[in-house]
Amino acid sequence: MSLVISLVLGMGIGFFLKLNKNILKINSKIQLLILIGLLFSMGMSLGINPDIIKNLKTIGITSLIFSSLTVFFSILFVFLFHKFGVKES
Amino acid sequence: MLFTLIIIVAVFLGILTGHFFISPSEMENLNLISSYFLTVLLFSVGLDLGSSKDTFKDISKKGKLLFILTSAVILGTFTGGLIAGAISNMHYNASLAIAAGFGWYSLAPVILNKIATAEIAAIAFLTNILREVFAIILIPILAKYVNFFTALAPGGATSMDTTLPIVSRATDPNHSVISFLNGAILTLLVPFLVNFLYSL
């Protein structure tokens, strides 16, 4: 919930205060740095978890099949629905 | 491509650091740090979206695209889940319930831990983490080589938070807004769908 609030707050400030291009450029650089930090800490929470590392062999392959197929068909369906469902003008 | 490389290196270094240098008792602090990062990140993405004129333009066209996107993601995810279940020799209700996490790895496993077996919950956990990892890697690639709209497909429920900054960087404000709304709808559906599909 706090995530939605922070996004909406950012949108409100961006919408009502006309921020100049320099501020937005700096914002975009900060964004990249925080994103790297977030991905790093996401990786840490994967590596820190002994259950995942321990059970990797037994559940790893099944999970890999599930994740790759769900992602693959999501991409395929979105691509096809978009291609045949929307007439871009 | 540099961006994708940076992403993969950051996640990989994180895994190594977590495995070799951090004790499991720090897990809670780690989650806290992640959620701080995410809060600041979404504020920063919000600034971008709010500053763009495109964000609030063509609302009805966005609505139509949103409907197409969300229904295609749901159908694609279930199709993939059913095939994966058939390959792994798993009953269709468990297969659909695992797929219905849409990448939200902290919720679906908790529900399945209660109503299903620990093994199914563990598979749901890893499946949905991997979905997020696939999404992080694939979004910039799809945006560059296929089209912006298709890049919104892999994220699932994470499209509204963790993968939104990646969508925002790889596509444009128009698509970021659709991505956010798609993620929000899927996030709302997860608790309902996981329970319902497992009970089939």
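Counting restarts for each chain, with residues numbered from 1 along the sequence as it is written. As they are written, the chains are lettered A onward and the ligands numbered 1 onward, keeping that order. Note on the predicted model: pLDDT of at least 70 is required for a residue's local features to be given, and 80 or more for side-chain atom pairs to be given and counted; whole-chain, interface and lining totals, by contrast, use all residues. Heavy atoms throughout the structure, all of them, feed into the side-chain values; hydrogens and water do not.

Things to note about the packing of helix H4 (residues 56–85) of chain A against helix H3 (residues 59–87) of chain B
In helix packing, the relevant descriptors are the interaxial angle and the interaxial distance, both defined with respect to the helix axes.
Piece 1. The interhelical angle for the contact between H4 of chain A and H3 of chain B, taken along N-to-C directions, is 145°, at an axis separation of 7 Å. Crossing handedness for the pair H4 of chain A and H3 of chain B: right-handed.
Piece 2. When the residues that make up the contact of H4 of chain A with H3 of chain B are grouped by side-chain class, the tally is 16 nonpolar, 11 polar and one charged. Angular values range over 0 to 180 degrees, each being the angle between N-to-C directions of two axes fitted as lines to C-alpha atoms, with helices fitted over their stretch in contact. Secondary structure elements follow DSSP: runs of H or I no shorter than four residues count as helices, runs of E no shorter than two count as strands, and numbering proceeds from the N terminus. Crossings are classed by handedness, with left-handed meaning an anticlockwise turn of the near helix from the far one by less than a right angle and right-handed meaning a clockwise turn. Under the convention adopted here, Pro, Cys and the residues Ala, Val, Leu, Ile, Met, Phe, Trp and Tyr are nonpolar, Asp, Glu, Lys and Arg are charged, and Gly plus all remaining residues are polar.

Observations regarding the confidence of the model for chain B
Residue and element names in this part refer to chain B.
Piece 1. Residue-level confidence of the predictor is what pLDDT reports, using numbers from 0 through 100. Scored by pLDDT, chain B comes out at a mean of 88, with 100% of its residues at no less than 70.
Piece 2. When pLDDT is averaged over each element of chain B, helix H4 (residues 92–99) comes out on top at 96 and helix H5 (residues 108–115) at the bottom at 81.
Piece 3. Here the prediction assigns the complex a pTM of 0.79, and the interface score ipTM is 0.84.

With respect to the interface of chain A and chain B
Piece 1. Across the contact, 60 residues belong to chain A and 89 residues belong to chain B.
Piece 2. Between chain A and chain B, the buried area comes to about 6600 Å², and carbon and sulfur atoms account for 80% of it.
Piece 3. Considering only the side of chain A, the residues that lose the most area to chain B are Gln31, Ile48 and Phe66 of chain A, jointly responsible for 11% of the buried surface there.
Piece 4. Any Lys or Arg side-chain nitrogen found within 4 Å of a carboxyl oxygen on Asp or Glu counts as a salt bridge. Where chain A packs against chain B, one counts zero salt bridges.
Piece 5. In protein, a polar contact requires one atom able to donate a hydrogen and another able to accept it; more generally it is a pair of N or O atoms within 3.5 Å, and residues adjacent in sequence count only if both atoms are side-chain atoms. At the junction of chain A and chain B, the tally comes to 16 residue pairs in polar contact (both at pLDDT 80 or more). Contacts between residues were defined by any pair of non-hydrogen atoms, one from each residue, lying within 4.5 Å. Reported buried area values correspond to the accessible surface (1.4 Å probe) lost by two parts on association, with both partners' losses combined.

As for the packing of aromatic side chains
All names here are of chain A.
Piece 1. Pairs were defined over the aromatic rings of Phe, Tyr and Trp, the Trp ring being its six-membered one, requiring ring centres within 6.5 Å. Orientation was assigned from the angle between planes: stacked under 30 degrees, edge-to-face over 60, tilted for the rest. Enumeration according to the criterion identifies seven aromatic pairs over all chains in this entry.
Piece 2. Taking the centre distance of 5.2 Å and the plane angle of 85° together, the rings of Phe72 and Phe73 count as edge-to-face.
Piece 3. In this scheme, a residue with accessible area under 20% of its type's maximum is buried, one over 50% is exposed, and one in between is partly exposed, where area comes from a 1.4 Å probe on protein chains only. Taking the relative accessible area as the measure of exposure, Phe72 reaches 47% and is therefore partly exposed.
Piece 4. Ring centres of Phe73 and Phe77 lie 6.3 Å apart, and the angle between their planes is 90°; on these two criteria the pair is classed as edge-to-face. Of this pair, Phe73 and Phe77 both sit in helix H4, separated by four residues, roughly a single helical turn.
Piece 5. Members of the aromatic cluster, each reached through a chain of ring pairs, are Phe72, Phe73, Phe77 and Phe81.

A closer look at a nonpolar patch on the surface
All names here are of chain B.
Piece 1. Grouping into patches uses exposed residues only, defined as over 30% relative accessible area, and leaves out salt-bridged ones; the cut-off is 9 Å for like charges and 5 Å for nonpolar side chains (Val, Leu, Ile, Met, Phe, Trp, Tyr). Only the protein chains shown count as cover for residues, and all accessible areas are computed by the Shrake-Rupley method using a 1.4 Å probe. A cluster of nonpolar side chains, contributed by Leu2, Leu5, Val9, Phe12, Leu13, Leu16, Phe20 and Phe21, occupies part of the molecular surface with about 890 Å² of accessible area.
Piece 2. Relative to the elements of secondary structure, Leu2 occurs in helix H1 (residues 2–21).
Piece 3. Its relative accessible area of 62% is what places Leu2 among the exposed residues.

So, the packing of helix H2 (residues 21–47) of chain A against H1 of chain B
Piece 1. Where H2 of chain A meets H1 of chain B, the closest approach of the two axes is 6 Å, and the angle between their N-to-C directions is 40°. It follows that H2 of chain A is oblique to H1 of chain B by the angle criterion. Where H2 of chain A crosses over H1 of chain B, the two elements pack in a sense that is right-handed. Of H1 of chain B, the residues touching H2 of chain A (which contributes Leu32, Leu35, Ile36, Leu39, Phe40, Gly43, Met44, Leu46 and Gly47 of chain A) are Phe3, Ile6, Ile7, Ala10, Val11, Leu13, Gly14, Ile15, Thr17, Gly18 and His19 of chain B. Any angle between 65 and 115 degrees counts as roughly perpendicular, while under 35 counts as roughly parallel, over 145 as roughly antiparallel, and the rest as oblique.

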